[in-house]
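So you can see what is in the structure, the chains are spelled out below.
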Amino acid sequence: MHTVMLTALTTLAAGGLISPALHKKWLGPSFAVCGSVLAAICALWAIVSGNYWDTSFSWQVPLGSFHIGMDSLSVVFVILISGIGALAAIYGRGYLAHTGDETKVAFSWCWYNLLLASMLLVVIARDGFLFLIAWEAMSVSSFFLVMFEHEKPGVVKAGWIYLATTHAGTAFLLVMFILMGRGSGMDFADMQISGSLSSLIIIFAMIGFGTKAGFVPLHIWLPEAHPAAPSHVSALMSGVMIKLGIYGLLRIILLINAPEAWWGWALVIVGALSGVLGVLFALAQHDLKRLLAYHSVENIGIIAMGIGIGILGMSSGNPVMAALGFCGGMLHVVNHGVFKSLLFMGAGSVIMATDTREIDRMGGLMKRMPISGAAFLVGAAAICAIPPLNGFVSEFLIYSSAINGLSSGQHLWSALLLISSLALIGGLAAACFTKAFGVVF
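Residues numbered from 1 in each chain as written. Predicted model: local features only at pLDDT ≥ 70, side-chain atom pairs only at ≥ 80, totals over all residues. Heavy atoms only, no water.

Enquirer: Just checking my understanding: could you explain a nonpolar patch on the surface for this structure?
Expert: A cluster of nonpolar side chains, Leu44, Ile47, Val48, Tyr52 and Ile79, forms an exposed patch at the surface whose accessible area comes to about 470 Å². In terms of residue count, the dominant contributor to the nonpolar patch is helix α2 (residues 27-49) (three residues). Within the fold, Tyr52 resides in the loop between α2 and β1 (53-61). (Patch = residues over 30% accessible without salt bridge, like charges linked within 9 Å, V, L, I, M, F, W, Y side chains within 5 Å. Areas by Shrake-Rupley, 256 points an atom, 1.4 Å probe, with all protein chains shown as cover. Salt bridge = Lys/Arg side-chain N within 4 Å of Asp/Glu carboxyl O. Helix = DSSP H or I, 4+ residues; strand = E, 2+ residues; numbered from the N terminus.)

Enquirer: Explanation requested: the pattern of salt bridges in the structure shown.
Expert: When their charged atoms lie close together, side chains carrying opposite charge are able to pair. What the rule picks out here adds up to five salt bridges. Taken together, the shared-partner salt bridges connect Asp71, Arg126 and Arg251 into one network.

Enquirer: Can you help me understand the side chain of Thr170 in this one?
Expert: Mapped onto the elements, Thr170 comes out in helix α6 (residues 155-181). Classification of Thr170 as buried rests on a relative accessible area of 11%. Excluding anything up to four places from it in sequence, Thr170 contacts Trp135 and Glu136. (Buried < 20%, exposed > 50% of the residue type's maximum accessible area, 1.4 Å probe, protein only. Contact = heavy atoms within 4.5 Å.)

Enquirer: Help me understand the nonpolar core in this model?
Expert: One recurring pattern in soluble globular proteins: nonpolar side chains tend to sit buried together. Met70, Met119, Met176, Leu244 and Ile252 are the most contacted members of the largest nonpolar core, which totals 134 residues. Counting residues per element, this core draws most heavily on helix α4 (residues 102-124), which supplies twelve residues. Listed in part, the 14 residues of the second largest apolar core include Val268, Met305, Met321 and Leu422. (Core = buried A, V, L, I, M, F, W, Y, C linked by side-chain atoms within 4.5 Å.)

Enquirer: How do you make sense of the layout of surface pockets when you look at a structure like this?
Expert: Where empty space is left in the structure can be found by rolling a water-sized probe over the atoms. In this structure, the largest pocket spans a volume of roughly 550 Å³. Lining the largest pocket are 23 residues, with Glu149, Lys152, Pro227, Ile351 and Arg357 positioned closest to its centre. Mapped onto the lining of the largest pocket, the elements with two or more residues apiece are α6, α8 (222-228), α12 (288-315) and α13 (319-354). For the lining of the largest pocket, the residue count by class is ten nonpolar, three polar and ten charged. Considering only enclosed or pocket space, the second largest pocket measures out at about 210 Å³ in volume. Lining the second largest pocket are Leu73, Leu250, Ile253, Leu254, Ile256, Asn257, Pro259, Met314, Phe326 and Met330. (1 Å grid on protein atoms, 1.4 Å probe; cavity = no way out; pocket = protein on both sides within 12 Å on 5 of 7 lines; lining within 4 Å. Points joined across faces, edges and corners; volume = space filled by probe spheres on them. Nonpolar A, V, L, I, M, F, W, Y, C, P; charged D, E, K, R; others polar.)

Enquirer: For this particular structure, what's the right way to read the packing of aromatic side chains?
Expert: For any pair of aromatic rings, the description rests on two quantities: the centre-to-centre distance and the angle between the ring planes. Evaluation of the coordinates by the stated rule reveals 18 aromatic pairs. Judged by centre distance (6.0 Å) and plane angle (90°), the rings of Phe131 and Phe209 are edge-to-face. Taken together, the residues span a long stretch of sequence, with Phe131 in helix α5 (residues 128-146) and Phe209 in helix α7 (residues 196-213) at a distance of 78 residues. When sorted by exposure, Phe131 lands in the same class as Phe209, which is buried. Here the aromatic rings of Trp135 and Phe209 are separated by 5.4 Å at their centres, their planes lie at 80°, and the arrangement is edge-to-face. Here the residue Trp135 occupies a position in helix α5, and Phe209 occupies one in helix α7, the gap between them amounting to 74 residues. By the burial criterion, Trp135 is buried, and Phe209 matches it. Over the face of the ring belonging to Phe148 we find Lys104, whose NZ or CZ atom lies 4.7 Å from the ring centre. (Phe/Tyr/Trp six-rings, centres within 6.5 Å; stacked < 30°, edge-to-face > 60°. Lys NZ or Arg CZ within 6 Å of the ring centre and 35° of its normal.)

Enquirer: What exactly am I supposed to notice about the packing of helix α3 (residues 72-95) against α4 here?
Expert: Helix-helix packing: each pair is described by the crossing angle between the helix axes and the interaxial distance. Two elements in contact, α3 and α4, have axes separated by 9 Å at closest approach and are oriented at 170°. One element, α3, and the other, α4, form an angle in the roughly antiparallel class. Residues Ser74, Phe77, Val78, Ile81, Ile84, Gly85, Ala88, Ala89, Gly92 and Arg93 of α3 form the contact with α4, whose own contacting residues are Trp109, Tyr112, Leu116, Met119, Leu120, Val123 and Ile124. Here the contact of α3 with α4 is composed, by residue class, of 13 nonpolar, three polar and one charged. (Axes fitted to C-alpha atoms, helices over the stretch in contact; angles between N-to-C directions. Parallel < 35°, antiparallel > 145°, perpendicular 65-115°, else oblique.)

Following this line, the structure appears as structure tokens:
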């Protein structure tokens, strides 16, 4: 099935290049949907058949090879990228219809398609050099999407903050891959990581990938860039792109045979800090999209706590605790991608109707926009982890992992920190979205 994935990448790249050449508003989203569908077919076929693949092509580039593959971790992210990418493209077609500058719109779809292609390449790359090329392409294409409305106040500043921050994170990843490939090459299959070097690699990974994910205090770009971008791009960046920081961290952990307990502790602490501060900052916002951006920091914190408690379970030989933690974290990756994209698209509809992002200037929109209001309410309930919606299920699994740790007498303090943090985050998130939905709609 690697030919299908290569066809998907080619389709997206072709769509990116053709859109500005022909200046047709429908071309960009059409190629984005077609490429996303092909990528989704490839991933779904791997799940149904159980036939994961790995292939390499000769590539005369120093330090690297065109080595790609799909395993169970890649499949989750390919489905997330292609699913949200296609839906956001359909939404974006209507969202950008009011823009009179066809050249500007055409170039926007160019960068959108290239962003989708680069994200897919990140999750199927099996070589460090290829991974970094795709990672850099993802950063540059998303930068130009953030700068789409550069004539508006604050957008240029937000774009440059994003570009500077993401390149600082990439510098840490470059050093990390150099350390990993020392003596064995940049191919993931050949990397031998053990001993004290593994801890240093994890530190660089947490900083480099944490910058993209939006861990506190590395999140400074996120509340600036997400509100500045068009709403369908905000949905893709918040719902999908920041999760590739989580993917990269998990990929590196999988390359190291024996995770250490302090890795889990670090992720639980960083996750708790990100979750609590993210929702507190969100409560203070009056800009609807900025409020949603800070909730991305909060939910990345929840994901980090799930992965952290899973690592603690692995290090202590508790398979139930590990499985619940990792499953809860990974399910929240998918769940957040779905409900956060829904919320950003709902916010985009509101902003188009009112011509403002200020919550205090809105009100009573449920009568004028009942469908958007109902959709936003569902997304708000899901992000607050209200049962039986998807946000509740993933957070319940993370709670269960911590409770299992408590009942087994293992990692008492980390479990208590996680449970208390999740409870506080849930209450504050409910208060925040009660305010947001009540005032707007």
